Amino acid sequence: MPRSSSLIARVAGAAAGVVLAAATALVAALPAQAASLTQVTGFGSNPGNLAMYAYRPDGLPAGAPAVVLLHGCVQNASTYVANSGWQKYADQWKFTLIAPQQPSGNNANSCFNWFETGDTARGQGEALSIKQMVDYAKSTYGTDGARVYVSGLSAGGAMSAAMLAAYPDVFAAGSIIAGIPYRCATSMVNAFSCMNPGVDKTPAQWGDLVRGAYAGYSGKRPRVAIWHGTSDTTVATANAAESRDQWTNVLGVSTTPTSTSTLPAGTSLEVYGSDQVRLYRVSGMGHGTPVDPGSGADQCGTAGAYFLDTICSTYRDAVFFGLGGGGASPSPTPTATASPTPTASPTSTPTSAPVCVTASNYAHVVAGRAYQSGGYAYALGSGQRMGLYNTFYTSTLKQTGPAYWVIGC
C-alpha cells in the first residue's frame, strides 16, 4: 500500500493516534530463565510486512491460551512485553504472548497504521499479518483457538479494535488502551480529528462500522475492555465513550452501565450488559498504559514514558479474559440492574504476613479476587463458595499464593 513519509511524520509528530516513547526509558529485561522473547519468521505471506515475536513461558502446557500485544509508536515488541507486565502473568498462568512489531519502513515512527483502510480490513495488510501470526501459534504451538485475546496501546489500541472488528471469529476478547473506535479514520488526513477532539457518532453508526468489517458474520462477538486516562491530551478522552458506544452496540447491550465501582489509583469501572464491555477511567492519568510496579498479585509493569504508575491494567485484563489461575476461572458477571457503587479494596503487596481483604462479594469479584457463577461468588484459585454474589454479602479472603485466595484469615 502506498504510504507518504511526510504525512506519516506529521501524524506521529502531532501525536496521531500514537504513543511516542523515549528510547532511553524503554526497558527490555527478561527474567533469568530459559524462556525469552524470540523472533519468528515464515509465519505466513505477511502482506503487512510486520515482524513477529513470541514469548512462551517455561512449562507451557499443550492447548494454552495466547495474547496478542500491539505496541505504540516509537516502541517495539520487547519494550511492550517487558514494561506492560504481561510477561509476569504469562509466566504465572502459562499462556503465550504474540507480539507483532511494526518496522519503520511501514511507518516513520513504527506506528501500526490504524488509519489506513487497507491495513485494518479483514484479509488485508497488517490485520491479515497479525491474524497469520495467530494461525502460526495455533498450528505450531498448539495454542487453543478458542482462547486468543488481543490488547494494545494508542496506535496499538486502535489496531486492537481493528482486529476485534475484522476477526471476531479469531479473538474471544480484547483490550483497547488509549485507543480510538474502529474506522474513525480512513486515511492519515482525518486521523487528527479522530485523536483530538474525537469524532461523535451514534452507537448504531459506530456499530455499523464494526459489522461492516465482516459482513454477514452472525457468530459470537468478543468481549471488550476499554482503558483511558482522564487527563489524556494525546488521544482525547471522548474516544473512551465513543468506543464504549461502538462495542455496546455491537454486543447488543445498553450504554447505561449495569454496575459501577471504584478501584485503586482513582480508577472507576463501568460494566455494561453481562460484563460484555468494561470501561475503566483512570483519574488524572495521561496517555499511556496503566501499570503498578510491585510484587503484589495485582501489581505489574515498569513505569516510564507512556507506562504510567497508577493501576495494573494487565492484571485486570488477564482476569477479564479468564486467564487467572490458568484460565479456568469464569469472568465476573454483574447483575442485570444497577447496583450501589461498591469500593473494591485494593490487594496489598504480600509480605511475611498473609494478605487478608474484607469486602462485599461483588467487590471481591470486581477486584479479581473471586469470580461469579450461578449467582454465587467463588474465591479465585481455591474455588471455595463465598455466598451470594451481591453488594450486601461480605466475605474475608486470604491470599496464599499468586492468584490463589481462600476464605478466612
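Everything below is about the structure shown above.
So, how was this worked out
Residues numbered from 1 in each chain as written. Predicted model: local features only at pLDDT ≥ 70, side-chain atom pairs only at ≥ 80, totals over all residues. Heavy atoms only, no water. Helix = DSSP H or I, 4+ residues; strand = E, 2+ residues; numbered from the N terminus. Buried < 20%, exposed > 50% of the residue type's maximum accessible area, 1.4 Å probe, protein only. Contact = heavy atoms within 4.5 Å. Polar contact = N/O pair within 3.5 Å; in protein donor to acceptor, adjacent residues only side chain to side chain. Pairing = 2+ DSSP bridges. Axes fitted to C-alpha atoms, helices over the stretch in contact; angles between N-to-C directions. Core = buried A, V, L, I, M, F, W, Y, C linked by side-chain atoms within 4.5 Å. Salt bridge = Lys/Arg side-chain N within 4 Å of Asp/Glu carboxyl O. Disulfide = S-S within 2.5 Å. Phe/Tyr/Trp six-rings, centres within 6.5 Å; stacked < 30°, edge-to-face > 60°.

Caption draft 1: Looking closely at the environment of proline 290. Summarising the element assignment, proline 290 is placed in strand β11 (residues 289–291). Given the relative accessible area of 0%, proline 290 is considered buried. The spatial distance from the C-alpha of proline 290 to the C-alpha of cysteine 300 is 9.4 Å, given a sequence separation of 10 residues. With residues up to four places along the chain from it excluded, the contact list for proline 290 reads Ile177, Trp227, Val282, Met285, Leu308, Thr310, Ile311, Cys312 and Ser313.

Caption draft 2: The arrangement of helix α2 (residues 77–84) in detail. Across the eight residues that make up α2, a large majority, seven, are buried. Burial in α2 covers these residues: Ala77, Thr79, Tyr80, Val81, Ala82, Asn83 and Ser84. Remark: glycine 85 follows α2 within two positions and exhibits a positive phi of approximately 95 degrees.

Caption draft 3: Expanded view of the environment of asparagine 249. Along the chain, asparagine 249 turns up in helix α9 (residues 238–251). For asparagine 249, a relative accessible area of 24% corresponds to the partly exposed category. Separated by 44 residues in the primary sequence, asparagine 249 and glutamine 205 have C-alpha atoms spaced 9.0 Å apart. Once you skip the residues sitting within four places of it in the chain, asparagine 249 turns out to touch Pro203, Ala204, Gly207 and Arg211. A polar contact of 2.8 Å, which involves the side chain of asparagine 249, links it to the side chain of arginine 211.

Caption draft 4: Here's a closer look at the sheet that holds strand β18 (residues 404–407). An order of β13-β17-β18 is seen for the three strands of this open sheet, with the pairing classed as antiparallel. Where the open sheet ends on each side, the last strands, each with one partner, are β13 (355–360) and β18. Between one strand axis and the next, the sheet turns through 35 degrees on average, direction left out of account. As defined by bridge partners, strand β17 (residues 394–401) adjoins β18 across four bridges and the pair is classed as antiparallel. Residue leucine 397 lies in a different strand from β18, and its bridge partner there is isoleucine 407.

Caption draft 5: Representation of unusual backbone geometry. Cis geometry is adopted by the peptide bond preceding proline 197, which originates at asparagine 196 and carries an omega value of 15 degrees. Along the polypeptide, proline 197 turns up in the loop between α7 (191–195) and α8 (203–211). Even without a glycine there, the phi angle at arginine 183 is positive, about 60 degrees. If you trace the backbone, arginine 183 turns up in the loop between β6 (173–177) and α7.

Caption draft 6: Local environment of the sheet that holds β6. Here 10 strands make up an open sheet; going across it, the order is β1-β2-β4-β3-β5-β6-β7-β10-β9-β8 and the pairing mixed. Taken across any chain shown, the strands that pair with only one partner, and hence form the sheet edges, are β1 (38–40) and β8 (259–263). Recorded for the sheet is a direction-independent mean angle of 20 degrees between the axes of neighbouring strands. The sheet contact formed by strand β9 (residues 267–272) and strand β10 (residues 277–282) spans six bridges and is antiparallel. Within β10, the residue paired with tyrosine 272 across the bridge is valine 277. Strand contacts of helix α6 (residues 155–166): β3 (66–70), β5 (148–153), β6 and β7 (223–229), with the helix running at about 150 degrees to β5, the strand carrying the most contacts. In this fold helix α10 (residues 313–321) packs onto β5, β6, β7, β8 and β10, with an angle of close to 165 degrees to the strand it touches most, β7.

Caption draft 7: Just the nonpolar core, in detail. The biggest cluster of nonpolar side chains holds 56 residues, and the ones touching the most others in it are Val67, Trp86, Trp93, Phe95, Leu97 and Leu323. In terms of residues, this core owes the most to one element, α10, which gives five residues. Ignoring any residue separated from it by four or fewer positions in sequence, one finds valine 67 in contact with Trp86, Phe95, Thr96, Leu97, Ile98, Tyr149 and Leu323.

Caption draft 8: Spotlight on the pattern of salt bridges. Per the counting criterion, the structure on display carries 10 salt bridges. Its salt-bridge partner being arginine 147, residue aspartate 144 comes within 3.0 Å of it at the nearest N-O pair. Of the residues examined, aspartate 144 reaches a relative accessible area of 24% and is grouped as partly exposed. Look at the salt bridges and you will find they share partners, linking Lys131, Asp135 and Lys138 into a network.

Caption draft 9: The arrangement of the state of the cysteines in detail. Inspection of every chain in the model, using the stated rule, returns three disulfides. Linked covalently through their sulfurs, cysteine 184 and cysteine 194 form a disulfide whose S-S length is 2.2 Å. Handedness here is read from the sign of the S-S torsion; for cysteine 184 and cysteine 194, about -105 degrees, the answer is left-handed. Taken together, the residues cysteine 184 in the loop between β6 and α7 and cysteine 194 in helix α7 connect sequence positions 10 residues apart. Residue cysteine 184 is classed as buried on the basis of its relative accessible area, which comes to 9%. Between the sulfur of cysteine 300 and that of cysteine 312 lies a disulfide, 2.0 Å long from S to S. Here cysteine 300 and cysteine 312 share a disulfide; its torsion about the S-S bond, 105 degrees, makes the bridge right-handed.

Caption draft 10: Structural view of the packing of aromatic side chains. Scanning the model with the defined rule gives 12 aromatic pairs in all. Here the aromatic rings of tryptophan 227 and tyrosine 280 are separated by 3.7 Å at their centres, their planes lie at 0 degrees, and the arrangement is stacked. Of the two residues, tryptophan 227 sits in strand β7 while tyrosine 280 sits in strand β10, which places them 53 residues apart along the sequence. When sorted by exposure, tryptophan 227 lands in the same class as tyrosine 280, which is buried. Grouped by ring-pair contacts, the aromatic residues Trp86, Phe95, Tyr149, Phe320 and Phe321 constitute a single cluster.

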